[in-house]
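Structure assessment
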Number of protein chains: 2
Amino acid sequence: MKILLTNDDGIYAHGLGALYRELSGDFEVVVVAPETEMSAVGHAITLDSPLRVRDVYKNGSFFGYGVSGTPADCVKIAVEELLEIPPDLIISGINLGANVGVNVLYSGTVSAATEGAFLGIRSAAISLDTLKAPDFGFAARFSREIIGFIIENDLKKGTALNVNIPAIPEERIKGISFTRQGTRRQKEKFESRIDPRGNVYYWLSAEIPVEDEAVDSDIRALRERRITITPITYDLTCRKEMERLQSLPPPDYKV
Amino acid sequence: MKILLTNDDGIYAHGLGALYRELSGDFEVVVVAPETEMSAVGHAITLDSPLRVRDVYKNGSFFGYGVSGTPADCVKIAVEELLEIPPDLIISGINLGANVGVNVLYSGTVSAATEGAFLGIRSAAISLDTLKAPDFGFAARFSREIIGFIIENDLKKGTALNVNIPAIPEERIKGISFTRQGTRRQKEKFESRIDPRGNVYYWLSAEIPVEDEAVDSDIRALRERRITITPITYDLTCRKEMERLQSLPPPDYKV
């Protein structure tokens, strides 16, 4: 089985290395990842500039391909150009930091998996809920379980799994939940500062209000020390609202 | 009524100017748009660098705020920082080029509307199906109808309208369809070239195979010269697959 590994923290990130070490002994593993960090790029792709692909070595041996683009670019160029045969599976991660709630929209890690699903390849994004001093050991081992689960249960084409793992000793993890993406609004604010030349600039800061989230949401389950698995799609249509609109008189276009 | 205008083609784009001229006589209009072109940035947001906001003038009078970020950044900073009272409505566009099918995922224009929906503000993205010599006149006038439709029919919170308009004389437009997002895979390929220094680089090219698309999809309806209106959401959960997975034994996490 051939597995494509990618991420949004860049090809030198430890989370990707942990995944590689865990899986490369038993699977045919190919790494195609952004050359530099590409967090929060969402589902961006590169159209206005060409992509460069560079061989990346670690400890003196070939590790993978570094791409001058986004995670979605990496998946596209891997599948359409670099690999002769498409991979059987795409794993994106292990991301430093959770990807839950509406943050999923901004996540390069998740968009790589969504892109994979769109290309007809079973895909998962794996994220670890911490921003510091990460131990990727358990998350890397758990990625094997995710791979097995996807294959055994024949994950529906066009969906990808968004997996989030609490960053606590594994014996304290409370279990696994199949969740839905949280949808509550974050508490966001911009902090304005003055640069040395007297000009204003803004930093975005945001915080997810966990208490508002539904019990079956990824945000709540992760906070309750559970591993969350959310199946996500690339079809953004709101079917319910579509059906309602279809029953209404459309706007006039003879304007 | 206060309307926020934004786009992904940048604050100097003609499509945004056409929208402004059409609406600013009758509504309180505020423009907050990227300083430079931000096509295909998807739902990217700027976290690693601060945002700058600059007053932009056109023909000697104040036109709007140019932001050194993405369309989603523009909506966030407009709503959370620049405007004292949130807008009643957000219109993103008029985009040069259609945003239908899976391209919706990559679209900065659409992500601005999705971001608006997520912030609880009724929003629409408007795109014109041409890449050259655009006449934005009809699309700008039609945006009034969209505004009226959203208000009258109380568009569901958390959804945004993705509107696409054929670039043909208005008398040849065949009608309006409430559609779903097309989901067929594009025919994509990478073209490799050699730069003057002998290094390889890649350009992405893609084409939507219209014939494969469902009759009620945005792609088909637009090709049949109809205006398409697709309600879209920021909840990526695939509910059907979630329910199926919940009936299965989860993967083992004692690994």
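This section reports on the structure supplied with the text. None of the values given here were measured: they were computed from a predicted structure. (Residues numbered from 1 in each chain as written. Chains lettered and ligands numbered in written order. Predicted model: local features only at pLDDT ≥ 70, side-chain atom pairs only at ≥ 80, totals over all residues.)

Residue and element names in this part refer to chain B. Strand order in this open sheet of nine strands is β3-β4-β2-β1-β5-β6-β7-β11-β8, and the pairing throughout is mixed. For this open sheet the edge positions go to β3 (53-58) and β8 (175-178), each flanked by a neighbour on one side alone. Averaged over all pairs of adjacent strands, the angle between their axes in this sheet comes to 25°, without regard to strand direction. Judged from the four bridges that link them, strand β1 (residues 2-6) and strand β2 (residues 28-34) form a sheet pairing that is parallel. Within β2, the residue paired with L5 across the bridge is V31. Those strands touched by helix α1 (residues 14-23) are β1, β2, β5 (89-96) and β6 (122-129), and its axis lies near 135° from that of β5. Sheet contacts for helix α4 (residues 108-118): β1, β5, β6, β7 (159-166) and β11 (226-233); angle to β6, the most-contacted strand, approximately 170°. (Pairing = 2+ DSSP bridges. Helix = DSSP H or I, 4+ residues; strand = E, 2+ residues; numbered from the N terminus. Axes fitted to C-alpha atoms, helices over the stretch in contact; angles between N-to-C directions. Contact = placed C-beta atoms within 7 Å.)

Before going further, it helps to spend a moment on helix α2 (residues 71-82) of chain A. Most of α2(A) is tucked away: nine of the 12 residues are buried. Inspection of α2(A) places A:P71, A:A72, A:D73, A:C74, A:V75, A:K76, A:I77, A:A78 and A:V79 among the buried residues, and these make up the whole buried set. (Buried ≥ 20, exposed ≤ 12 C-beta atoms within 10 Å, placed from the backbone.)

A separate point is the pairing of strand β10 (residues 200-207) of chain B. Residue and element names in this part refer to chain B. The pairing of strand β9 (residues 187-194) with β10 spans eight bridges and is antiparallel. Its bridge partner lying in β10, E188 is registered against A206. Between β9 and the antiparallel strand that follows it, β10, lie five residues; G198 among them carries a positive phi value of about 90°.

Residue and element names in this part refer to chain A. Reading across the sheet, the nine strands line up as β3-β4-β2-β1-β5-β6-β7-β11-β8 and stay open at both edges, with mixed pairing between neighbours. The sheet terminates laterally at β3 (53-58) and β8 (175-178), the two strands that pair on one side only. Recorded for the sheet is a direction-independent mean angle of 25° between the axes of neighbouring strands. Inspection of the sheet shows strand β1 (residues 2-6) paired to strand β5 (residues 89-96) by four bridges, in the parallel sense. Within the sheet, the bridge partner assigned to L5 lies in β5 and is I91. Along the sheet, helix α1 (residues 14-23) contacts β1, β2 (28-34), β5 and β6 (122-129); its crossing angle with β5, the most-contacted strand, is approximately 135°. Set on the sheet, α2 makes contact with β1, β2, β3, β4 (61-67) and β5; between it and β2 the angle comes to about 135°.

Helix-helix packing is characterised by the crossing angle of the two axes and by the distance between the axes. Residues and elements named next belong to chain B. Put simply, α1 and helix α5 (residues 137-152) touch, their axes get as near as 9 Å, and they point 55° apart. Judged by the angle between their axes, α1 and α5 are oblique. Judged by the sense of rotation from one axis to the other, the crossing of α1 with α5 is right-handed. Contacts from A18, L19, E22 and L23 of α1 reach α5 at A140, R141, S143 and R144. Residue classes in the contact of α1 with α5 are distributed as four nonpolar, one polar and three charged. (Parallel < 35°, antiparallel > 145°, perpendicular 65-115°, else oblique. Left-handed = near helix turned anticlockwise from the far one by under 90°. Nonpolar A, V, L, I, M, F, W, Y, C, P; charged D, E, K, R; others polar.)

Okay, the interface of chain B and chain A next. Contacts between chain B and chain A engage 70 residues on the former and 70 residues on the latter. For the side of chain B that touches chain A, the leading source of residues is α5(B), giving seven residues. Partitioned by chemical class, the residues of the side of chain B that touches chain A number 40 nonpolar, 15 polar and 15 charged.

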